[in-house]
Amino acid sequence: MRFEIITIFPEFFAGIFEHGIVRRAQAEGLVKVGVHDLRAFTHDRHRTVDDRPFGGGEGMVLKPGPLAEALESLGVGAKASRGSTHEAASSPTLSAETSGKDGAPSLTADSDSPAFAVSGTCVILLSAQGRPFTQTVARELAKLERAVMICGRYEGVDERINQLYCDMELSIGDYVLSGGELAAAVVLDAVMRLVPGVLGNEASGEFESFGVADAEITSDTEGVPRSQHGAGGLLDYPHYTRPAEFGGLAAPEVLLNGDHQQIRRWRREQQLRKTLANRPDLLEGAALSVEDRRLLESIAHEANERTRSC
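Quick caveat: nothing in here was measured; it's all calculated off a predicted structure. Within each chain, residue numbers correspond to sequence positions counted from 1 in written order. The predicted origin of the model limits local features to residues at a pLDDT of at least 70 and limits the giving and counting of side-chain atom pairs to 80 or more, whereas totals for whole chains, interfaces and linings rest on all residues. Note that water and hydrogens are dropped before the side-chain values are worked out from all heavy atoms of the structure.

A. Spatial organisation of the overall build of the protein chain. Helix and strand counts for the protein chain come out as 7 helices and 11 strands. Exposure categories follow from relative accessible area, calculated using a 1.4 Å probe and restricted to protein chains: below 20% of the type maximum is buried, above 50% is exposed, and the middle band is partly exposed. Burial analysis of the protein chain (310 residues in total) assigns 44% to the buried set. A contact between two residues is defined here by any heavy atoms of the two lying within 4.5 Å. Look at the contacts in the protein chain between residues 6 or more apart in sequence, and 71% of them connect residues 24 or more apart. To be clear on the numbers: accessible area is Shrake-Rupley with a 1.4 Å probe, and residue cover counts the displayed protein chains and nothing else. Working note: accessible area of the protein chain is about 17,000 Å², and carbon and sulfur atoms make up 51% of it. Each helix is a run of H or I in the DSSP string that is no shorter than four residues. Each strand is a run of E no shorter than two, and both are numbered from the N terminus.

B. Representation of the packing of helix H6 (residues 260-278) against helix H7 (residues 290-309) in the model. Packing of H6 against H7 brings their axes to within 10 Å, and their N-to-C directions diverge by 55°. By the angle class used here, H6 and H7 are oblique. When you trace H6 past H7, the crossing you get is right-handed. Of the residues in H7, those touching H6 at Arg265, Arg268, Glu269, Leu272, Arg273 and Leu276 are Glu291, Asp292, Leu295, Leu296, Ile299 and Glu302. Residue polarity is assigned by list, with Asp, Glu, Lys and Arg as charged and Ala, Val, Leu, Ile, Met, Phe, Trp, Tyr, Cys and Pro as nonpolar; anything else, Gly included, falls into the polar class. Along the lines of polarity and charge, the residues of the contact of H6 with H7 split into 5 nonpolar, no polar and 7 charged. To define axes, lines are fitted to C-alpha atoms, for helices over the stretch in contact only, and angles between the resulting N-to-C directions are given on a 0 to 180 degree scale. Any angle between 65 and 115 degrees counts as roughly perpendicular, while under 35 counts as roughly parallel, over 145 as roughly antiparallel, and the rest as oblique. We call a crossing left-handed when the near helix sits turned anticlockwise from the far one by less than a right angle, and right-handed when that turn is clockwise.

C. Representation of the packing of helix H1 (residues 20-27) against helix H5 (residues 181-192) within the structure. Where H1 meets H5, the closest approach of the two axes is 10 Å, and the angle between their N-to-C directions is 65°. Classified by chirality, the crossing of H5 by H1 is left-handed. Contact residues: Ile21, Val22 and Ala25 in H1; Leu188, Asp189 and Met192 in H5. When the residues that make up the contact of H1 with H5 are grouped by side-chain class, the tally is 5 nonpolar, no polar and 1 charged.

D. Inspection of unusual backbone geometry at higher detail. Cis peptide bonds are those with omega within 30 degrees of zero, and the linkage from arginine 242 to proline 243 qualifies with 5°. By the element assignment, proline 243 lies in the loop between H5 and strand S10 (245-246). In this structure, arginine 47 takes a positive phi of about 55° despite not being glycine. With respect to the helices and strands, the residue arginine 47 is situated in the loop between strand S2 (32-37) and strand S3 (50-51).

E. Summary view of the confidence of the model for the protein chain. Summary of the metric used: pLDDT quantifies the predictor's per-residue confidence within the range 0 to 100. Confidence in the prediction of the protein chain, expressed as mean pLDDT, is 86, and 80% of residues score 70 or more. The low-confidence segment residues 86-101 (pLDDT under 50) makes 41 contacts with residues lying over four places distant or belonging to another chain. Here residues 106-115 is modelled with pLDDT under 50, and outside its nearest four sequence neighbours on either side it reaches 26 contacts, counting other chains as well.

F. How the structure looks around the packing of aromatic side chains. A pair of Phe, Tyr and Trp rings is counted when the ring centres sit within 6.5 Å of each other, with Trp represented by its six-membered ring. The angle between the planes then sorts it: under 30 degrees is stacked, over 60 is edge-to-face, the rest tilted. Counted under the stated rule, the structure contains 3 aromatic pairs. With a centroid separation of 6.5 Å and an interplanar angle of 55°, the aromatic rings of tyrosine 240 and tryptophan 266 are classed as tilted. You can see tyrosine 240 sitting in the loop between H5 and S10 and its partner tryptophan 266 sitting in helix H6, a full 26 residues away along the chain. Residue tyrosine 240 is classed as partly exposed on the basis of its relative accessible area of 46%.

G. Region of the structure containing the sheet that holds S2. In spatial order, the strands read S2-S1-S8-S7-S9; together these 5 strands make up an open sheet with parallel pairing. The strands lining the two open edges of the sheet, one partner per strand, are S2 and strand S9 (168-171). Averaged over all neighbouring strand pairs, the angle between strand axes comes to 30°, with direction disregarded. For two strands to count as paired, DSSP must find a minimum of two bridges between them. Where strand S7 (residues 121-132) lies against strand S8 (residues 146-151), 6 bridges are found, and the strand directions are parallel. Bridge pairing links valine 123 to valine 148 in S8.

H. Molecular detail of the pairing of S2. Looking at chain direction, strand S1 (residues 2-7) and S2 are connected through 6 bridges and run parallel. Within S2, the residue paired with glutamate 4 across the bridge is glycine 34.

I. Structural context of a nonpolar patch on the surface. Only residues whose relative accessible area exceeds 30% and that take part in no salt bridge are eligible for patches, with like-charged residues grouped when within 9 Å of each other and nonpolar side chains (Val, Leu, Ile, Met, Phe, Trp, Tyr) grouped when within 5 Å. Salt bridges are identified by distance alone: a Lys or Arg side-chain nitrogen within 4 Å of an Asp or Glu carboxyl oxygen. Among the surface-exposed residues, Phe9, Phe12, Ile16, Tyr175, Leu177 and Leu182 lie close enough to one another that they form a single nonpolar patch of about 510 Å² accessible area. Exposure remark for isoleucine 16: the relative accessible area of 34% places this residue in the partly exposed category.

J. Summary view of the side chain of threonine 121. Mapped onto the elements of the fold, threonine 121 is located in strand S7. Engagement of the side chain of threonine 121 in a polar contact is seen with the side chain of arginine 146, the distance being 3.3 Å. Within 3.5 Å is the distance limit for a polar contact, defined as a pair of N or O atoms, with the added protein rule that one can donate a hydrogen and the other accept it, and that residues adjacent in sequence qualify only through two side-chain atoms.

K. The environment of glutamate 159, seen in detail. Among the structural elements, glutamate 159 can be located in helix H4 (residues 159-165). Glutamate 159 gets classed as partly exposed once you look at its relative accessible area, which sits at 42%. Within the structure, the side chain of glutamate 159 is placed 2.9 Å from the side chain of asparagine 162, a separation counted as a polar contact.

L. Region of the structure containing the pairing of S9. Side chains Met168 and Leu170 of S9 all project onto a buried face; the interleaved residues Glu169 and Ser171 project onto the opposite face, where all are buried too. With 5 bridges joining them, S7 and S9 adopt parallel strand pairing. Bridging from a neighbouring strand, leucine 126 pairs with leucine 170 of S9.

Structure follows, in structure tokens:
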């Protein structure tokens with residue numbers, strides 16, 4: 001899989017991709033990363049990439065011209081030419097036959113074009129206004145041949161770039177960063193580790209927080225009992241290693257007895273406890289069994305009893 005990053009600070013990524021799994025994945029040819037300086041696509045001596053917003057307001061906005069040229073240099077045309085639509089059904093898409101006075105593709109009202117996956121390339125605008133980036137989105141992106149990420153800066157990017165070129169607008173959280181570079185690094189790392197062959201053990205990408213449900217697990221070995229559940233959208237369970245006792249605290253006895261079924265049940269209960277305590281919002285969309293729901297009721301009852309005794 002290939003990642004392309006368009007930024008006004010290419011030096012930002014100098015060290016980030018030279019360590020750990022990302023470095024190894026690149027060395028083995030499983031992942032390729034291209035970082036592109038947006039200022040290289042300007043045509044004035046000041047290499048201007050931003051301008052004041054129409055209608056007034058604070059800050060500056062990244063101009064559409066350099067961004068469009070940067071995308072075209074990567075072989076990324078308007079969405080219509082790639083057989084792609086904007087995510088929002090109400091958003092306009094593009095007509096391949098028409099163009100504006102400045103040569104940019106023009107908007108039409110065609111909403112029946114195929115999804116961006118048809119072209120194998122997804123153009124992503126990293127923005128605080130985007131849809132939340134989740135593990136589900138990461139799995140979706142890992143199936144593509146290429147992801148092109150635009151790092152916003154200042155007050156943002158001219159919306160016409162989003163309308164004309166971008167397949168997806170992503171936010172990595174409900175907070176504001178000074179630019180999209182950190183977000184691009186986060187998205188790349190999360191997606192890259194799901195590319196087949198990148199992780200030393202393929203099961204590592206299945207048995208973790210926000211992982212798939214049991215029915216979707218592909219890394220089971222026939223005849224070998226499994227000591228964990230697929231997360232099914234829940235948080236991961238707590239982990240312990242040697243020594244068995246540390247700081248006056250012992251590792252749970254159940255993890256030391258070798259009974260896979262007991263370990264599996266304990267871990268599932270801990271997943272439910274962690275999720276209920278830290279991210280109860282995830283329970284609504286999680287893949288829960290009848291036994292899971294019984295455990296949740298028991299955990300909630302325990303919590304109520306503790307509250308009453310306080």
